[in-house]
Number of protein chains: 2
Amino acid sequence: MTSISVVLVDDHTVVRSGLKALLGTQADIAVVGEAASGEEALEAAQQHAPDVVLMDLAMGAGMDGIEAIKQLRQRTPKQAIIVFTTYDSDADIVRAVDAGAMGYLLKDAAPEEIFAAVRGAVQGKSVMSAPVASRLFQQLRNPDEILTPREAELLSLLTEGLSNRDLGKRLFISEATVKTHLAHIYAKLGVETRAAAIATAIRREGMR
Amino acid sequence: MTSISVVLVDDHTVVRSGLKALLGTQADIAVVGEAASGEEALEAAQQHAPDVVLMDLAMGAGMDGIEAIKQLRQRTPKQAIIVFTTYDSDADIVRAVDAGAMGYLLKDAAPEEIFAAVRGAVQGKSVMSAPVASRLFQQLRNPDEILTPREAELLSLLTEGLSNRDLGKRLFISEATVKTHLAHIYAKLGVETRAAAIATAIRREGMR
DNA sequence: ATCAGTATCAGCCAAAAGGTGGAGAGACCA
DNA sequence: TGGTCTCTCCACCTTTTGGCTGATACTGAT
């Protein structure tokens with residue numbers, strides 16, 4: 001049987017090197033390429049045509065992980081993409097799965113989990129770390145708490161500290177509309193003030 | 001010349017494995033032990049008596065990195081401790097240096113930077129990643145921007161989304177005093193609204 | 001003894017944010 | 001076709017915040 005070819009995408013040399021070392025212990029898995037950015041990832045995926053792309057979502061400058069996933073899916077749809085990242089942020093998980101990720105692993109995953117995910121991915125199985133799976137499950141169970149795309153967009157700008165007026169300008173909508181969206185966001189997040197909304201947004205969507 | 005012995009502390013197997021692989025390429029550096037938590041770190045440091053401890057600050061459960069640094073400094077003061085972490089948060093940097101860290105590297109550091117830090121540490125040199133150094137420098141240069149203890153306390157509660165009234169109750173001061181403190185905080189942070197203050201506070205102190 | 005820094009409080013006023021209720025347009029699905 | 005979502009907008013009113021000015025009191029250093 002041919003071994004599974006993998007391309008690693010992560011802006012941290014240490015992490016790439018660690019993955020390479022770990023995956024290298026498995027006879028049926030071969031790392032055929034590496035990339036440190038979204039742009040490089042596209043190149044590497046084209047050049048090496050791997051079975052699996054294992055990538056981080058957060059990539060310093062340039063294209064972010066989600067965007068890279070989308071483009072990879074378009075250009076080389078046969079490759080399975082596994083997200084390998086530090087945080088189990090709700091937003092990231094949904095967006096990554098939405099963009100076409102096959103699996104979602106956290107960086108504190110045990111080596112065996114990583115191996116299993118890579119092997120599963122080539123068979124079309126999707127593997128996620130336990131905390132990730134439970135978060136996804138929770139989101140499916142409480143559809144009332146899911147923000148609409150527009151609301152999510154607004155919330156993300158909110159976390160930059162903008163006023164209602166600024167939000168309106170930025171999104172080309174009236175201040176009234178901003179207030180409407182905000183009211184809905186507050187209700188969904190279970191808070192009453194923008195301050196609390198920002199706090200929960202950053203803590204839940206952002207990072208921990 | 002004897003080689004430099006290093007103990008790695010990080011709860012991510014991948015990162016430990018990556019560091020081991022990278023450091024393994026250097027003839028004068030030998031990884032003699034690993035630990036996945038603060039508690040294990042103390043054990044490993046005692047057992048292997050390494051020249052250098054390279055450790056992450058964020059460690060899932062149990063003792064955090066800062067606490068581990070403090071205890072290491074007490075028990076085995078001769079070992080140089082280098083922090084190796086993902087974020088350059090102001091608070092973490094100050095606390096780590098305060099606790100006795102010799103160096104502060106970010107995980108996106110180039111391998112050469114890591115080697116240099118390890119070699120420097122045994123000679124008593126402190127090495128930090130450029131962004132880290134610039135943050136420290138900035139803090140020293142702009143004492144005006146340093147919050148007083150009371151202000152910091154307020155800011156931390158602010159990031160929980162409390163109203164002025166609630167802040168007052170929580171701190172046993174009047175709403176007027178809360179407003180005064182807030183005005184000072186805004187000025188020091190360079191923002192105009194509480195929303196922006198929360199955003200910068202969480203991003204600066206916490207994580208990004 | 002004076003001065004700088006910190007922490008506390010007050011009052012006033014303008015601006016921003018939040019609550020309520022209502023409404024129209026377009027998309028999508030049953 | 002009718003129902004449900006989503007996004008957009010408006011008016012009215014209350015509450016909260018922020019800007020400004022000024023004041024008292026304690027601490028510690030000069």
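Rules used in this analysis
- Residues numbered from 1 in each chain as written.
- Chains lettered and ligands numbered in written order.
- Predicted model: local features only at pLDDT ≥ 70, side-chain atom pairs only at ≥ 80, totals over all residues.
- Heavy atoms only, no water.
- Least-squares fit on C-alpha atoms with pLDDT ≥ 70 in both.
- Contact = heavy atoms within 4.5 Å.
- Buried < 20%, exposed > 50% of the residue type's maximum accessible area, 1.4 Å probe, protein only.
- Helix = DSSP H or I, 4+ residues; strand = E, 2+ residues; numbered from the N terminus.
- Arc of directions from axis to C-beta.
- Axes fitted to C-alpha atoms, helices over the stretch in contact; angles between N-to-C directions.
- Parallel < 35°, antiparallel > 145°, perpendicular 65-115°, else oblique.
- Nonpolar A, V, L, I, M, F, W, Y, C, P; charged D, E, K, R; others polar.
- Pairing = 2+ DSSP bridges.
- Buried area = accessible area lost by both parts, 1.4 Å probe.
- Salt bridge = Lys/Arg side-chain N within 4 Å of Asp/Glu carboxyl O.
- Polar contact = N/O pair within 3.5 Å; in protein donor to acceptor, adjacent residues only side chain to side chain.

Q: Would you take a moment to explain the relation of the copies chain B and chain A for this structure?
A: There are two copies of the chain, and a rotation about an axis plus a shift along that axis relates them. Turning chain B through 179° and shifting it by 0.1 Å along the axis lays it on chain A, with an RMSD of 1.9 Å. Overall, the copies show the geometry of a two-fold rotation axis. Across chain B, the smallest distance between a C-alpha and the rotation axis is recorded for glycine 18 of chain B, namely 1.5 Å. The share of interface residues of chain B whose copies in chain A are also at the interface is 100%, consistent with both copies meeting through the same surface.

Q: Honestly, helix H3 (residues 65-75) of chain B in this entry has me stumped. Any pointers?
A: Helical geometry: 3.6 residues make up each α-helical turn, so side chains three or four residues apart lie on a common side. Every buried residue of H3 of chain B is listed here: Gly65, Ile66, Ala68, Ile69 and Leu72 of chain B. Looking straight down H3 of chain B, one finds that the buried residues subtend no more than 160° of arc, so they occupy a single side.

Q: Help me out: how do you make sense of the packing of helix H8 (residues 164-171) of chain A against helix H9 (residues 175-189) of chain A in this one?
A: A pair of packed helices is characterised by two quantities: the angle between their axes and the separation of those axes. Residue and element names in this part refer to chain A. Following both chains from N to C, one finds H8 and H9 inclined at 105°, their axes separated by 8 Å at the closest point. Classified by the angle between their axes, H8 and H9 sit roughly perpendicular to one another. Two secondary-structure elements touch here, H8 through Asn164, Arg165, Leu167 and Gly168 and H9 through Glu175, Val178, Lys179 and Leu182. Residues of the contact of H8 with H9, tallied by class, amount to 3 nonpolar, 2 polar and 3 charged.

Q: Can you help me understand the sheet that holds strand E1 (residues 4-9) of chain A in this one?
A: Strand pairing in a sheet takes place through backbone hydrogen bonds and is either antiparallel or parallel in direction. Residue and element names in this part refer to chain A. What the 5 strands build is an open sheet, ordered E2-E1-E3-E4-E5; its pairing is parallel. Because the sheet does not close on itself, it has two edges, and the strands there are strand E2 (29-35) and strand E5 (103-106). The mean angle between the axes of side-by-side strands here comes to 25°, regardless of whether they run parallel or antiparallel. Alignment of strand E3 (residues 52-55) against strand E4 (residues 80-85), held across 4 bridges, turns out to be parallel.

Q: What is the right way to look at the interface of chain B and chain A in this model?
A: By a frequent convention, interface size equals the accessible area lost on bringing the separate parts together. Taken together, the contact pairs 31 residues of chain B with 31 residues of chain A. Interface of chain B and chain A: buried area, both sides summed, is about 2300 Å²; carbon and sulfur atoms make up 70% of it. The interface formed by chain B and chain A holds 0 salt bridges in total. Linking chain B with chain A are 2 residue pairs in polar contact (both at pLDDT 80 or more). Looking at the side of chain B that touches chain A, the elements with two or more residues in it are helix H1 (13-24), helix H5 (111-122) and helix H10 (194-206) of chain B. Among the residues making up the side of chain B that touches chain A, the classes are represented as 16 nonpolar, 8 polar and 7 charged.

Spatial relationships are all this shows, so hold off on functional conclusions.
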